[in-house]
Every structure is written in structure tokens, then in C-alpha cells.
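Structure assessment
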Amino acid sequence: MTLTALALNCTLKTKRAEDPSSTDRMLKLLAAAMEPLGVTTEFLQLADHDIKPGVTSDEGDGDAWPAIRRKILDADILVMGTPIWMGQPSSICKRALERMDAFLEEKDDEGRMVSYGRVAAVAVVGNEDGAHHVSAELFQALNDVGFTIPANAVTYWVGEAMGSVNFVDLEEIPDVVQTALDLVARNTAHAARVLKMQPYPGDKG
């Protein structure tokens, strides 16, 4: 069974930025770990898109969210990657979560949230403490809006506080990070396959 994943890169950088994104590197490593498991990943760098503030699925003229929303719902797996800023997920990450709040009121033909049956995982990078706090925020929000969180569904790297070395600068990926990447890949793909074969029940019988 083939699966599709959408990786939302919530870095504050655009693709035009001179410095490469550590979040992008982590997301690509996770995609590489999922590929042998039959998962094809599409990447979106949210800073390149005009996502309007709000909590509906369409905030009007020029809003890029409706097209992104469609990609989220078309994928089996959602991966949210964010840097740590001031101990928090990035502002772009929070905006995406706010826009997914609309899923609470949007139902399919069986009375389920439109996001049901999709699995979510998280990738976090930073040069300060906060990876557990950030993943906890994302897990709660994503679960609230209908996503299933598999066991051990986060991979992260946190460098020295106030340090100058970023994840993208590492010549070799630490073994513990690679182990976490492989675990996230296996568990996420497994959960997505289970839900495709046996969806959550609805309220229509």
C-alpha cells in the first residue's frame, strides 16, 4: 500500500533565503526514512505562501490556505516541522494550526471531522531547550483537530544554548537522531496503513 505525506516546513525563512534551513534538512531526512516504507513526501515551505490570519478554511482574496488545506486532506500523513523560537513553535507553525481549527466544524458524510484518518508527526530543531514543549503543543493541537498521533511521533535536534552551530551545519547526523527518525518513519507509516484499512467509525452507523 503506497502512502503520501505532506511536510509543512514552518521555518521563518523563505526559499530565497541565503542561509539553508535546518528544519528543511530534518524534514528531508524523515522523508528519506519513510521512502523505503512506501511513503512519497511533498514539501511546502509556508513562509513562501500568503496564509491569512484567521480560523476559517478560506479567509478571502489572496489567501493561500485553501490550496494548502486541500493538500493536507489529500495526504495520508502530515509532518509539521518547526524551529524553536523563544521556547515556542514558530509563528508560521502556529498560524497553520490556527487555520486547521476550522476542521472542528467540518464533517464528512459519516459525521467525522474531515481530518480523521490522517496521521501526524512532528520534527523540531533549535539551539535552545524546548523540543519537548514544542512537540507537546503540536501534538495537542493536531489531536484536537482530528489527527492521529502514533507512538514516538517526534524527531528533534537541539544544539547548545546560544550556540552558533545549527542542525544544517552538522557533517554527520547523530546516531540518536537517526534512530528517532527511523522510529517516527516506521510508526507513522504503520498507523497510516492501519487507518486506511480500518477507518474511524462515524455517527451514521
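The present account deals with the structure reproduced in this document. Residue numbers restart at each chain and count upward from 1, following the sequence in its written direction. Given that this is a predicted model, residues contribute local features only at a pLDDT of at least 70 and side-chain atom pairs are listed and counted only at 80 or more, while totals for whole chains, interfaces and linings are drawn from all residues. Hydrogens and water molecules were not included; the side-chain quantities draw on all heavy atoms of the structure.

Quick look at the overall build of the protein now. Where helices and strands are cited, they refer to DSSP runs of H or I of at least four residues and of E of at least two residues respectively, numbered from the N terminus. When its secondary structure is counted, the protein shows five helices and six strands. Values of the radius of gyration come from C-alpha atoms, whereas the globule rule sets the reference at 2.2 Å times the count of residues to the power 0.38. For 205 residues, the compact-globule estimate of 2.2 N^0.38 gives 17 Å, and the protein sits close to it at 17 Å. Accessibility throughout is a Shrake-Rupley quantity obtained with a 1.4 Å probe, and a residue counts as covered only by protein chains that appear here. Accessible area of the protein: about 10,300 Å², with a carbon and sulfur share of 51%. Here the protein contributes 19 positively and 31 negatively charged side chains, and the mean placements of these two sets differ by 5 Å. When charges are counted, Lys and Arg contribute as positive and Asp and Glu as negative, whereas His and the chain ends are disregarded. A charge is said to be at NZ when it belongs to Lys, at CZ for Arg, at CG for Asp and at CD for Glu.

Now for a nonpolar patch on the surface. On the surface, Met1, Val194 and Met197 cluster together into a nonpolar patch covering about 310 Å² of accessible area. Summarising the element assignment, Met197 is placed in helix H5 (residues 175-197). To count toward a patch, a residue needs a relative accessible area over 30% and no salt bridge; like charges are then connected within 9 Å, while nonpolar side chains (Val, Leu, Ile, Met, Phe, Trp, Tyr) are connected within 5 Å. Salt bridges are counted wherever a side-chain nitrogen of Lys or Arg sits within 4 Å of a carboxyl oxygen of Asp or Glu.

Another point: a negative patch on the surface. A cluster of like negative charges, contributed by Glu98, Asp101, Glu105 and Asp144, occupies part of the molecular surface. Here Glu105 lies in the loop between helix H3 (91-100) and strand S5 (119-126). What makes Glu105 exposed here is its relative accessible area of 69%. Only protein chains enter the calculation, and the probe is 1.4 Å; a residue is then buried if its accessible area is under 20% of its type maximum, exposed if over 50%, and partly exposed in between.

In this section: the pattern of salt bridges. Enumeration over the complete set of coordinates arrives at eight salt bridges. A salt bridge links Lys28 to Asp24; the nearest nitrogen and oxygen atoms lie 3.2 Å apart. Linking Lys28 with Asp24, this pair stays in helix H1 (residues 22-34), spanning four residues, or about one helical turn. Look at Lys28 and you get partly exposed, because its relative accessible area is 45%. Asp108 is paired through a salt bridge with Arg112; the nearest N and O atoms lie 2.9 Å apart. Owing to a relative accessible area of 27%, Asp108 belongs among the partly exposed residues under this scheme.

None of this, on its own, says anything about what the molecule does.
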